[in-house]
Amino acid sequence: KRRSYVSGLEKKLADWDNLRTTVYDGFKRAFETVGPFQVTKINKSEKPRAKVQERANIVVISDIHLGLNIDPEEVMCNGYNWQIGARRLGKLAEQTSDFKFDHRDECPTLHVCLGGDLGQGIIHLNDAGTDLITFQVVGITYYLTQMIDHWRKSYDQIYVHCTPDNHMRLVHKGPDRAMSQKTDSFATMVHFALQMGFRDCDDVKFDVPKTAITTFNVLGHKFGLTHGDTHIQSGNVGSSVNVKNIATQVMKLNAIVKDGKHYDCVI
């Protein structure tokens, strides 16, 4: 058995060496035939543009529930923990930095929408699979600080729009979802901690209102950011989406705006 095992390994090694030698010799012949290659750095400003227009990128981070730990052996399928959450945020950070990079001179601004439920919170009587709320607040702040810092390398100006939610609420205010003083929550603690972290950075601005819907402007359009448990209730995940119901709620919201200007987009 040992001889058979060693013989198999030797065969695999020989096959790999043969493949590597073949590829190496092939590239060597190609380089000798074509001549030396010269790598030219492309100047983005020289790329012809059909139309130059002002742009702005928007990234939404919502319902990532950091602090929740799901054991894949317990649920027999997927799992979730701080490491998985961090890797997904890292991928989002890279995608946001690279998105439309060839139009970055037209798009120097990034709007970051913190849409709520960034942490699992402590809203349930049973805290199984949930980290201490102190670790959640500190961990979320730590991850988002790194993300924003990373985006500062790709964008001239970053606006961070924040909204409260239900999972990070203070449970002593009542068993139900908060409507009054909704901003008094662990989520707002994270928002202000981030704001303090970037207090000396003129290229990062924060919007942390007391309202349950955060209103901001993007290229002349009125946007509204809210967690899906107060102003706009879209319903739970299912096989169909009641678009008419959502549209009706948005129209009701637009009917009571004070400035008379309707929301062009509700996130």
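The rules behind these values
- Residues numbered from 1 in each chain as written.
- Predicted model: local features only at pLDDT ≥ 70, side-chain atom pairs only at ≥ 80, totals over all residues.
- Heavy atoms only, no water.
- Buried < 20%, exposed > 50% of the residue type's maximum accessible area, 1.4 Å probe, protein only.
- Helix = DSSP H or I, 4+ residues; strand = E, 2+ residues; numbered from the N terminus.
- Pairing = 2+ DSSP bridges.
- Core = buried A, V, L, I, M, F, W, Y, C linked by side-chain atoms within 4.5 Å.
- Contact = heavy atoms within 4.5 Å.
- Expected span 1.5 Å × (residues − 1).

Novice: Summarise the pairing of strand β2 (residues 109-114); cite the residues concerned and give the values.
Specialist: Moving residue by residue along a regular strand, the side chains alternate between the two faces of the sheet. Across the six residues of β2, six count as buried, placing the element largely inside the fold. Covered by surrounding structure in β2 are Thr-109, His-111 and Cys-113 together with Leu-110, Val-112 and Leu-114, the residues of both alternating faces. Across five bridges, strand β1 (residues 57-61) lies against β2 in parallel orientation. Paired with Val-60 across the bridge in β2 is Cys-113. The sheet contact formed by β2 and strand β3 (residues 157-162) spans six bridges and is parallel. Looking across to β3, one finds that Leu-110 is bridged to Ile-158.

Novice: Please set out the nonpolar core residue by residue, giving values where relevant.
Specialist: Ranked by internal contacts, the top residues of the largest apolar core, which has 37 residues, are Ile-61, Val-112, Leu-114, Trp-151, Ile-158, Val-160 and Phe-206. Of all the secondary structure elements, the ones that give two or more residues to this core are β1, α3 (82-98), β2, α4 (133-151), β3, α5 (186-197) and β4 (204-207). Ranked by residues supplied to this core, first place goes to α4 with eight residues. Apart from residues no more than four positions distant in its own chain, Val-160 is found in contact with Val-112, Leu-114, Ile-148, Val-204, Lys-205, Phe-206 and Asp-207.

Novice: Before we move on, could you go through the sheet that holds strand β5 (residues 214-218) and cite the residues and values that matter?
Specialist: The strand order β5-β6-β7 describes an open sheet built from three strands, whose pairing is mixed. The sheet is open, and its two edges are formed by β5 and β7 (265-266), each paired on a single side. Of the pairings in the sheet, the one linking strand β6 (residues 221-225) to β7 comprises two bridges and is parallel in character. Its bridge partner being in β7, Phe-223 is matched across the sheet by Cys-265.

Novice: Tell me about α5, and name the residues and values.
Specialist: An α-helical turn contains 3.6 residues, so a residue and the one three or four places further along point in the same direction. Taking 1.5 Å of rise per residue, the 12 residues of α5 would be expected to cover 16 Å, and the 17 Å separating its terminal C-alpha atoms lies within 8% of that figure. All buried positions along α5 are accounted for by Phe-186, Ala-187, Thr-188, Val-190, His-191 and Leu-194. Each element contacted by the buried residues of α5 is listed here: β2, α4, β3 and β4.

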